[in-house]
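Fold and geometry: a report
Here's the letter readout for the chains.
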Amino acid sequence: MKTIFFLFTIILFTSCEIEGDLTRDIVEEEISNEAVLKYNGTFTPTSGINVQGEVKIYQVNNSHSLKLESFSISDGPDLKVYLSKEDSPSEFVNLGNLNPNITYQIPPQVNLADYPYVLIHCQQYNHLFAIAALQSN
């Protein structure tokens with residue numbers, strides 16, 4: 001019985017997921033003067049949500065950063081920022097917890113041409129709050 005309990009405990013603790021690079025909180029970073037605006041979009045709300053603002057994606061060298069500008073949204077729990085292949089959260093990259101005051105670093109393996117939307121999504125209740133279709137500059 002002790003052996004089974006011991007094995008169960010080991011499996012339980014080793015199977016816990018650690019928050020990965022794409023879902024951790026991002027540290028605030030400024031957009032450099034060398035940044036080139038590559039994509040932008042304006043947020044539109046889903047039913048019952050108030051949202052204002054824009055999203056801009058900048059490139060410096062080979063890296064991309066996402067910045068929310070003049071952004072405000074209805075309160076909600078567990079709001080995340082997603083780059084998405086569709087205007088719904090089915091195939092997406094989770095950039096982290098929503099914080100309009102920070103800049104999100106986009107992982108280098110993400111091909112931005114494949115992700116034409118930025119979504120604000122409540123992960124806990126699976127509710128889409130806002131959508132921004134990206135346009136190339």
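Residues numbered from 1 in each chain as written. Predicted model: local features only at pLDDT ≥ 70, side-chain atom pairs only at ≥ 80, totals over all residues. Heavy atoms only, no water.

1. Observations concerning the overall build of the chain
Counting its regular elements, the chain contains 1 helix and 9 strands. Along the chain, from the amino end to the carboxyl end, the secondary structure elements read α-β-β-β-β-β-β-β-β-β. Counting across all 137 residues of the chain, residues that qualify as buried make up 38%. Within the chain, contacts between residues at least 6 apart in sequence are counted, and of these 58% link residues at least 24 apart. (Helix = DSSP H or I, 4+ residues; strand = E, 2+ residues; numbered from the N terminus. Buried < 20%, exposed > 50% of the residue type's maximum accessible area, 1.4 Å probe, protein only. Contact = heavy atoms within 4.5 Å.)

2. Examining the environment of Q109
Within the secondary structure, Q109 is located in the loop between strand 6 (103–106) and strand 7 (117–122). Residue classification places Q109 among the exposed positions, given a relative accessible area of 62%. The spacing of Q109 and S63 is 46 residues in sequence and 9.9 Å in space, taken between C-alpha atoms.

3. Topic: the packing of aromatic side chains
A full pass over the atoms with the stated rule returns 2 aromatic pairs. Taking the centre distance of 5.2 Å and the plane angle of 70° together, the rings of F43 and F71 count as edge-to-face. Here F43 is found in strand 1 (residues 36–45), whereas its partner F71 is found in strand 3 (residues 63–73), with 28 residues between them in sequence. One exposure class covers both F43 and F71, and it is buried. (Phe/Tyr/Trp six-rings, centres within 6.5 Å; stacked < 30°, edge-to-face > 60°.)

4. Remarks on the confidence of the model for the chain
Confidence along the chain averages 84 in pLDDT terms, with 78% of residues attaining 70 or more. Under a pLDDT of 50 for its full length, residues 4–27 has, in the predicted model, 17 contacts with residues more than four places off or in other chains. (pLDDT = per-residue confidence, 0-100.)

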